[in-house]
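# A closer look at the structure
Read off the chains here:
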Amino acid sequence: MASRKSRPERRQEPLSRERIVAAAVELLDTVGEGGLTFRALAERLATGPGAIYWHVTGKNELLAAAIDAVIAPTLAGDDTGTTPQEAIRSLALGVFDAIDAHPWVGTTLAQLPRTPGKSPMLRVFERIGRQVQALRVPEAAQFTAASALLSYILGVAGQNAANTRAAQANTDPANTDRAAFLDAVATAWRELDPDQYRFTRDVAGQLREHDDRAEFVAGIDLILAGIIAGRADGRTRP
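Attention here is on the structure that accompanies the text.

Rules behind the numbers
- Numbers given to residues run from 1 along each chain, matching the order in which its sequence is written.
- For a predicted model such as this one, the threshold for reporting local features is a pLDDT of at least 70, and the threshold for listing and counting side-chain atom pairs is 80 or more; totals across whole chains, interfaces and linings nevertheless cover every residue.
- Side-chain calculation: all heavy atoms of the structure are included, whereas hydrogens and water are not.
- In this text, helices come from DSSP runs of H or I with a minimum length of four residues, and strands from runs of E with a minimum of two, each type numbered from the N-terminal end.
- Contacts: residue pairs with any heavy atoms within 4.5 Å of one another.
- Salt bridges are defined as contacts in which a side-chain nitrogen from Lys or Arg sits within 4 Å of a carboxyl oxygen from Asp or Glu.
- Only protein chains enter the accessibility calculation, which uses a 1.4 Å probe; a residue is then buried when its area is under 20% of its type maximum, exposed when over 50%, and partly exposed in between.
- Lines fitted to the C-alpha atoms define the axes, with helices restricted to the stretch that makes contact. Angles between their N-to-C directions range from 0 to 180 degrees.
- An angle counts as roughly parallel when it lies under 35 degrees, as roughly antiparallel when it exceeds 145, as roughly perpendicular when it falls between 65 and 115, and as oblique in every other case.
- Amino acid classes used here: Ala, Val, Leu, Ile, Met, Phe, Trp, Tyr, Cys and Pro are nonpolar; Asp, Glu, Lys and Arg are charged; the rest, including Gly, are polar.
- Note on terminology: a nonpolar core comprises buried Ala, Val, Leu, Ile, Met, Phe, Trp, Tyr and Cys residues joined through side-chain atoms within 4.5 Å.

## Examining the overall build of the protein
Along the backbone of the protein there are 13 helices and 0 strands. Mapped in sequence order, the helices and strands of the protein form the string α-α-α-α-α-α-α-α-α-α-α-α-α. In the protein, once contacts between residues fewer than 6 apart in sequence are set aside, the share between residues at least 24 apart is 67%.

Here it is in structure tokens:
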């Protein structure tokens, strides 16, 4: 009796855009944006690439949807009962933690083509902007204030994630431990030429002891203080 040919494992759930995006996030977390291909995604989903294209038109759309899925939980909270400053801090920390957990987000954002009205961060910008309005920032300064906050959030969160990724990829065990790495950098700073790097030498100890999230929030507070000061003295720019 002839043996039956083995068949590939069939999907247990119907294929949907949500399942595709969730699998893409898992793949990105595992192999990074360079390893996200429709072939690899199809293997993970036990389907064919053509079935994925039925739900997603291309890689850029898939990456944008994956970023949106990662960032969406940070927008789920209710700002009722909080001050605008508290709401902005909470949102900023949510985005910071999301990018820290998914380091590919920062790199991918920079690579995505700029499509009007379709940025994965547009909802974050809207949320920030509403809080800027709640702070009664003059209308002429609202775009600048919201843009400055968003740029700071994405820039610092992306750099922090890049540093984490670089440390994880380092084959030297001494550089994979954050405390040991910061201690080494701080020591190197202290040995710099005192005439050329006086400030850098002075803050070397703070680098060794600093907390990334605490420094991030401190930066948000500095920007908010500038925004509020600009509003208070009537300047049209924060």
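Moving on from the coordinates now.
## Let's talk about the environment of Leu-36
Relative to the helices and strands, Leu-36 is located in the loop between helix H1 (17–31) and helix H2 (38–45). Spatially, the C-alpha atoms of Leu-36 and Leu-63 are 9.0 Å apart, while their sequence positions differ by 27 residues. Dropping the residues within four chain positions of it, Leu-36 is found in contact with Ala-24, Leu-27, Leu-28, Val-31, Lys-59, Leu-62 and Leu-63.

## Examining the pattern of salt bridges
For side chains bearing opposite charge, pairing can occur when the charged atoms are close. This structure, assessed with the given rule, holds 7 salt bridges. One salt bridge connects Glu-126 with Arg-130, and the closest N-O pair in it is separated by 2.6 Å. Here Arg-130 and Glu-126 lie together in helix H7 (residues 122–134), a separation of 4 residues that amounts to about one turn. Take Glu-126: its relative accessible area is 41%, and that puts it in the partly exposed class. The class for Arg-130 is exposed, based on a relative accessible area of 53%.

## Remarks on the packing of H1 against helix H4 (residues 59–71)
Look at H1 against H4: their axes get within 9 Å of each other, and the N-to-C directions meet at 85 degrees. Of the possible angle classes, the one that applies to H1 and H4 is roughly perpendicular. Mapping the contact onto sequence places Arg-17, Ile-20, Val-21, Ala-24, Val-25 and Leu-28 in H1 and Glu-61, Leu-62, Leu-63, Ala-65, Ala-66, Ala-69 and Val-70 in H4. Tallied by class, residues from the contact of H1 with H4 come to 11 nonpolar, no polar and 2 charged.

## Quick look at unusual backbone geometry
Notably, Ala-46 is not glycine yet its phi reads approximately 55 degrees, a positive angle. Structurally, Ala-46 is set in the loop between H2 and helix H3 (49–53). In this structure Ala-46 comes out as partly exposed when scored by relative accessible area, which is 32%. With a phi angle near 60 degrees, Arg-136 is a residue other than glycine that sits in the positive phi range. Here Arg-136 shows up in the loop between H7 and helix H8 (139–169).

## A short note on the nonpolar core
If you look at the biggest cluster of nonpolar residues, it comprises 52 residues, and the most contacted ones within it are Leu-41, Val-124 and Ile-128. The set of elements that each furnish at least two residues to this core consists of H1, H2, H4, helix H5 (84–101), helix H6 (104–111), H7, H8 and helix H13 (212–232). Beyond its immediate chain neighbours, meaning those up to four positions away, Val-124 contacts Ile-71, Leu-75, Leu-91, Val-95 and Leu-150.

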